[in-house]
Amino acid sequence: MTEIITAPTSEASGRSAAGETAWIRQPADVSQLVNTSTQARNNAHIVIAIALGGVFLDAYDLGALAFGMKDVAREFNLTPAATGMVASAITFGAIIGALIGGYLTDKIGRYRVFMADMFFFVVAALACAFAPNEYVLAGARFVMGLGVGIDLPVAMAFLAEFSRLKGRGNKAASIAMWCPTWYAAISISYLLVLVLYATLPASHTDWLWRLILGFGAVPALLIIAIRSRYMSESPVWAANQGDLHGAAAILRRAWGINAQVASDADVRVQQRPRRAGWRNYGALLRGVYLKRTLLATVISVASSFAYNAVAFGLPVIISSFLAQSMLTTILVSLALNLLFAFVGGLLAVRLVPRLGAWRMTVAGYVCQFAALLGLALIGRPEALPEAITAIAMLALFLFGQGFGPGSHTMTYASLSYPVSLRGVGVGLNQTLMRASSTLSLFLFPLLTAWLDTGVFWVIALAPLAGLLALLLVPWEPSGYDVDAEDFASPTR
């Protein structure tokens, strides 16, 4: 990698660009500028915020129907099989969408995929809100799932490629922001349910699920409205495609860096390190990437299985502990998500530049394993002290999720691969993770009916598996310049 040479300039090129000229001669120079820039980023932080808006939509749409399925089943007179079809349609869409999204993110670019993705959310949310029958609702939820699956690979690429390598707000911290954003979306869906539950007249309770699902179109429309002003292609991806002039223009606009392509730069298209294609999924299972792919997959699947079993079953668990009303269950679920999962996620963002993703993920899995063992030993509480202890164990589990694997499984999925493989890397990870989610959501009611609270012994195996994988493969992605592997042989 050559050192970027800077020289004084009397003229700023591009909007908001100023100061010394940063000369670009090869794609690695663009990556170095992004990684080391100390200049105030003009639009870069807004791009990150918009990408997180996509993550918000993912979480909101996945969780929006949690409190409305009984109303849907009653309104459409659904059989158990039809109820399962409607509930699982979004998950199956997400599994397919993740594979397609990973490929397209690397093939045609981050910007185009993200913008097309937003229209999926708008159309699907409105179709859900006005669905006349269960077939239209299931089809709309499947389309929504396609949007959810496509979105995460491109959102993670934006977060990684519009952030610095080290220091506060580095790549790992930006990616970890997906976790508190996710919990914020879940909490907002709970709040919306609470508000509608309290304000809708008894004669119109059938509107509840329609309003909740339709609301998902609002943030998507806001993102579409502001996209032309602030969104841009990833400069690192553009440079990897051989478009050094385009990458320089993005750096001038988004970072305020007066980047210019040197006259002796090699701008040939064939200098691309790896052409995008379906075969790149196979590259994830070769060489040094095999070890990273296995680690990222195991910790993601373990995290997803345990979290879905506990968090999505949280209302059921709380109501069985406390034997309270629906309103109390919603309030306690909301409080646990905000005070522990969300706060844990915020701490992950703040501390990962200093502690690293590996240590924090290990600590999170230890918390979860201890919490699940505690819940298994308590069983079904028979007195108030036991119920309080059980709720405290749930809080510890959610805090461990936010602080550890909930935040950093995406760090491993995104920062284990360079730019040329990042889309397919996240896509494969999300496909396997969504499959695990589907399995856990299917198995949790069956295991609960069979084992009752003994199910926590089974769930505890998931964080234990994640913990063992991390101890066997102590890979630390935070602060490591993985994008440089597109131009040199990986050494880690």
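Residues numbered from 1 in each chain as written. Predicted model: local features only at pLDDT ≥ 70, side-chain atom pairs only at ≥ 80, totals over all residues. Heavy atoms only, no water.

1. Concerning the overall build of the chain
Secondary structure summary: the chain contains 22 helices and three strands in total. Residue burial in the chain is summarised as follows: out of 492 residues, 59% are buried. Pairs at least 24 apart in sequence give 82% of the contacts found in the chain among residues at least 6 apart. Carbon together with sulfur atoms contributes 67% to the accessible area of the chain, which is approximately 19,300 Å² in total. (Helix = DSSP H or I, 4+ residues; strand = E, 2+ residues; numbered from the N terminus. Buried < 20%, exposed > 50% of the residue type's maximum accessible area, 1.4 Å probe, protein only. Contact = heavy atoms within 4.5 Å. Areas by Shrake-Rupley, 256 points an atom, 1.4 Å probe, with all protein chains shown as cover.)

2. Regarding the packing of helix H17 (residues 357-378) against helix H22 (residues 461-472)
At a minimum axis separation of 9 Å, H17 and H22 run at an interaxial angle of 150°. Between H17 and H22, the angle falls in the class roughly antiparallel. When you trace H17 past H22, the crossing you get is left-handed. Residue-level inspection shows Trp358, Thr361, Val362, Tyr365, Val366, Gln368, Phe369 and Leu372 of H17 in contact with H22, the latter providing Pro463, Leu464, Gly466, Leu467, Leu470 and Leu471. (Axes fitted to C-alpha atoms, helices over the stretch in contact; angles between N-to-C directions. Parallel < 35°, antiparallel > 145°, perpendicular 65-115°, else oblique. Left-handed = near helix turned anticlockwise from the far one by under 90°.)

3. Section: the packing of aromatic side chains
Counted under the stated rule, the structure contains 13 aromatic pairs. Here Tyr289 and Tyr417 contribute two aromatic rings whose centre-to-centre distance is 6.1 Å and whose plane-to-plane angle is 45°, an arrangement assigned as tilted. Taken together, the positions of Tyr289 in helix H14 (residues 288-311) and Tyr417 in the loop between helix H19 (405-415) and helix H20 (419-451) put the pair 128 residues apart, joining distant regions of the chain. By the burial criterion, Tyr289 is buried, and Tyr417 matches it. Here the aromatic residues Phe114, Phe158, Phe162 and Trp255 are joined through ring pairs into a cluster of three or more. A cation over an aromatic ring shows up here: Arg292 above the ring of Trp475, its NZ or CZ 4.2 Å from the ring centre. (Phe/Tyr/Trp six-rings, centres within 6.5 Å; stacked < 30°, edge-to-face > 60°. Lys NZ or Arg CZ within 6 Å of the ring centre and 35° of its normal.)

4. Some points on the pattern of salt bridges
Within this structure, the stated rule accounts for seven salt bridges. With a shortest N-O distance of 2.8 Å, Glu485 and Arg292 are connected by a salt bridge. You can see Glu485 sitting in the segment after H22 and its partner Arg292 sitting in helix H14, a full 193 residues away along the chain. The class for Glu485 is buried, based on a relative accessible area of 8%. What makes Arg292 buried here is its relative accessible area of 1%. Each of the salt bridges in this network shares a partner with another, and the network as a whole consists of Asp106, Arg110, Glu161, Arg422 and Asp483. (Salt bridge = Lys/Arg side-chain N within 4 Å of Asp/Glu carboxyl O.)

5. Topic: the nonpolar core
Of all hydrophobic cores here, the largest spans 145 residues; its most connected members are Phe114, Leu137, Met156, Trp182, Leu251 and Ile459. With 13 residues, helix H6 (residues 134-161) is the single largest residue contributor to this core. Apart from residues no more than four positions distant in its own chain, Ile459 is found in contact with Ala306, Ala309, Val310, Leu372 and Phe444. Counting residues in hydrophobic clusters, the runner-up holds ten residues, among them Tyr103, Ala283, Leu284 and Leu421. (Core = buried A, V, L, I, M, F, W, Y, C linked by side-chain atoms within 4.5 Å.)

6. A word on the packing of H17 against helix H18 (residues 384-403)
Where H17 meets H18, the axes come as close as 8 Å, and the angle between the chain directions of the two elements is 160°. Between H17 and H18, the interaxial angle falls into the category roughly antiparallel. Like other packed secondary-structure pairs, H17 and H18 cross with a definite hand, here left-handed. Where H17 approaches H18, its residues Met360, Ala363, Gly364, Cys367, Gln368, Ala370, Ala371, Leu372, Gly374, Leu375 and Ile378 are matched on the opposing element by Glu386, Thr389, Ala390, Met393, Leu394, Leu396, Phe397, Gly400, Gln401 and Phe403.

7. Concerning H19
Of all eleven residues that make up H19, eleven are buried, and the element is covered over most of its length. Of the positions making up H19, those classed as buried are Pro405, Gly406, Ser407, His408, Thr409, Met410, Thr411, Tyr412, Ala413, Ser414 and Leu415.

8. Regarding the side chain of Arg422
Tracing the backbone through its elements, the reader meets Arg422 in helix H20. Arg422 sits in the buried class, given a relative accessible area of 0%. Sequence-distant contacts of Arg422, that is, excluding residues within four places in its chain, are made with Asp106, Arg110, Ala157, Ala160, Glu161, Ser414, Leu415, Tyr417, Val482 and Asp483.

9. Some remarks on unusual backbone geometry
Of note, the phi angle at Asn77 is positive, near 55°, even though the residue is not glycine. Among the secondary structure elements, Asn77 is positioned in the loop between helix H3 (69-76) and helix H4 (80-107).

10. Re the confidence of the model for the chain
The pLDDT averaged across the chain works out to 83; a share of 86% of its residues lies at or above 70. Within the chain, strand S1 (residues 6-7) has the poorest average pLDDT of any element, 36, and H22 the best, 96. (pLDDT = per-residue confidence, 0-100.)

11. Examining a nonpolar patch on the surface
A cluster of nonpolar side chains, contributed by Ile96, Leu99, Ile100 and Trp278, occupies part of the molecular surface with about 340 Å² of accessible area. Within the element layout of this structure, Ile100 appears in helix H4. Residue Ile100 is classed as partly exposed on the basis of its relative accessible area of 33%. (Patch = residues over 30% accessible without salt bridge, like charges linked within 9 Å, V, L, I, M, F, W, Y side chains within 5 Å.)

12. Description of the environment of Met433
Note that Met433 resides in helix H20. As for Met433 and Ala302, which are separated by 131 residues in sequence, their C-alpha atoms are 8.6 Å apart. The residues contacting Met433, other than those within four sequence positions of it, are Ser300 and Ser304.

13. A short note on the environment of Met69
Residue position: Met69 is located in helix H3. Taking relative accessible area as the criterion, Met69 reaches 14% and is therefore assigned buried. Spatially, the C-alpha atom of Met69 lies 7.5 Å from that of Ala87, the residues being 18 residues apart in sequence.

14. Details of the side chain of Arg434
As for its position among the elements, Arg434 is in helix H20. Once residues within four sequence positions are removed from consideration, Arg434 is found in contact with Leu62, Thr91, Ala94, Ile95, Val148, Leu152 and Trp182.

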